[in-house]
Amino acid sequence: MKPVSSAFRRLAHACRRGFPAIVLPLLFLPLSTRADDAALFEGVRAADMRIAAIGWRLAVANARLCDRTEPGTGMQLHVLDQYGGPQREAAARHFGFATPVAVEGVLPGSPAEQAGLRADDSLVRVGSVEIAKLPGKAGKADRLDAAHLAIAALPVDASIEVDALRAGRPVHVTIRPIRTCNSRFEMTDDFNAASTGTAVQVGAGFLEDYPDEQIAVVVAHEFAHNILRHRDRLIARGVDYGLLSGFGANVKYFRQTEVQADLLSVYLLANAGYPLRATTAFWKRFGPSKAGGILRSRSHPAWRDRVATFEAEIAKAETISARPVVPPILGERDKPLDGDWQSILVRN
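A brief structural summary. Position numbers for residues start from 1 in each chain and track the written sequence from start to end. Reporting of local features is limited, given that this is a predicted model, to residues whose pLDDT is at least 70; pairs of side-chain atoms are given and counted only at 80 or more, and all residues count toward the totals for whole chains, interfaces and linings. The side-chain numbers reported here are obtained from all heavy atoms of the structure, hydrogens and water having been left aside.

**Brief notes about the overall build of the protein**
Piece 1. Along the protein, the regular secondary structure elements total 12 helices and 11 strands.
Piece 2. The rule is simple: take the accessible area with a 1.4 Å probe, protein chains only, and divide by the maximum for that residue type; under 20% is buried, over 50% is exposed, in between is partly exposed. Counting only residues that meet the buried cut, the protein has 54% of its 348 residues in that class.
Piece 3. The contact criterion used throughout is that any non-hydrogen atoms of two residues lie within 4.5 Å. Intrachain contacts of the protein at a sequence separation of at least 6 include 73% that bridge at least 24 residues.
Piece 4. To measure how exposed things are, a 1.4 Å probe is used in the Shrake-Rupley method; for residues, cover is taken only from the protein chains shown. As presented, the protein carries roughly 14,800 Å² of accessible surface, and 54% of it is formed by carbon and sulfur atoms. Elements are defined by DSSP. Helices are runs of H or I of four residues or more, strands are runs of E of two residues or more, and each kind is numbered from the N terminus.

**A look at the pattern of salt bridges**
Piece 1. By definition, a salt bridge exists where a carboxyl oxygen of Asp or Glu is found within 4 Å of a side-chain nitrogen of Lys or Arg. What the rule picks out here adds up to 22 salt bridges.
Piece 2. Note that D334 is salt-bridged to R229, the shortest N-O span being 3.0 Å. One end of the pair, D334, is in the segment after α12 (303-317); the other, R229, is in the loop between α7 (212-227) and α8 (230-237), and 105 residues separate them in sequence.
Piece 3. Residue class for D334 comes out exposed when judged on its relative accessible area of 58%.
Piece 4. The shortest N-O distance in the salt bridge between R306 and E258 comes to 3.4 Å.

**Structural notes on empty space enclosed by the protein**
Piece 1. Here a cavity denotes grid points, spaced 1 Å and computed from the protein atoms alone, that fit a 1.4 Å probe unable to get out, and a pocket denotes an open set having protein on both sides within 12 Å along at least 5 of 7 lines; residues with an atom within 4 Å of a point are the lining. Grid points are joined across faces, edges and corners, and a volume is the space filled by probe spheres set on the points. According to the stated counting rule, one finds 2 cavities of 30 Å³ or more in the structure shown.
Piece 2. Here the largest cavity is characterised by a volume of approximately 330 Å³.
Piece 3. Together, 23 residues line the largest cavity, and E70, M75, H148, S183 and R184 are the ones closest to its centre.
Piece 4. Elements represented by at least two residues in the lining of the largest cavity include exactly α2 (34-61), β1 (69-72), β2 (75-79), α5 (142-152), β8 (178-181) and β9 (184-188).

**A closer look at the pairing of strand β3 (residues 101-106)**
Piece 1. Judged by how many residues are buried, β3 sits mostly within the fold: 6 of 6 residues are covered.
Piece 2. A pair of strands is considered paired only if DSSP assigns at least 2 bridges between the two. Looking at chain direction, β2 and β3 are connected through 5 bridges and run antiparallel. The partner of M75 across the bridge, within β3, is V106.

**What to know about the sheet that holds β9**
Piece 1. One open sheet holds the 3 strands; their spatial order is β9-β11-β10, and the pairing between them is mixed. The open sheet has two free edges, formed respectively by β9 and β10 (193-195), since each of these has just one partner strand. The mean inter-strand angle of the sheet, taken between neighbouring strand axes irrespective of direction, is 15°.
Piece 2. For β9 and strand β11 (residues 199-203), the ladder comprises 5 bridges, and the chain directions are parallel. Each bridged residue has a counterpart across the sheet, and for E186 the counterpart in β11 is Q201.
Piece 3. Structural elements are reduced to axes, namely lines fitted to C-alpha atoms, with helices fitted over the stretch in contact, and the angle between N-to-C directions of any two is expressed from 0 to 180 degrees. The sheet strands contacting α7 are β9, β10 and β11, and the helix crosses β11 at an angle near 150°.

**Overview of unusual backbone geometry**
Comment: phi is negative for the bulk of residues other than glycine, and the bulk of peptide bonds are trans.
Piece 1. P324 follows R323 through a cis peptide bond whose omega is 0°.
Piece 2. Take P324: it is sitting in the segment after α12.
Piece 3. Here D120, not a glycine, exhibits a phi torsion of approximately 75°, which is positive.
Piece 4. Inspection of the secondary structure puts D120 in the loop between α4 (111-115) and β4 (122-126).

Any functional reading would require information beyond the geometric quantities listed.
In structure tokens:
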């Protein structure tokens, strides 16, 4: 994968999911020709598919660890609503949007690829989901969220009939999905990484600076938050997000979820066949330059302690040959958070 250009990162910041700048005119971007448009849009597509491929590998390999599953298709979706200002018309032209929701890409070997779906197919109906009836508005990702949630709610073990438009012509395929964990995986901007309960979002900056096996460390950590229902459990505790997350009684709960996610991520990576030592390689590089700051350092354990915790858990995981490993930490997801992060963290 070639390094992500600064122009691409600005486009990712302005044009991708959920960012306010999506509706601003992007006069600072060099989009004076269709060739410029094509290069930047294909850069966005390639980066999004890179994140999607890592997430798909993790979601398939760890389906037995997830109590919330979905019919996995291998489609990566995007919506025209995501593109604002001058980008909207250019995106519609480049990606061939004929309906509000289209296939951004299809993962190799996935049920969608086997069924014959292709990138830039515009979706009309997916099972019982009628795309035209999904709510959404320009400059927002609401329709994308609605599409994912509706498709995820389809029966896991039943075939899915899909109607689409390909270069203006109707296409009908039958997808035979596989059971996967209920999460989607997508690119956002900069060095942000987040989990929403049903989605994992990883910033474009990671794609520029880290190899896939280390990006998988970031994806697996955020994915672990979803599997362990951390957002729901933090809300149940009444914690404050944002600037207040690093202060008061909030701290112990956030730190507990961070350490739990680190521990589970080791087994998610192991089950998907990623090298476990990529975790410590990532943190030894990322930690000194990016894991500081007063707020982050209060709500997250010290990066050196996280490395020590990873090393101890990897030593345990490497003694287990069976796959998939179903670690004891999964038993925590049905329990209220108690704020005990000290007993599960290994000090450097």
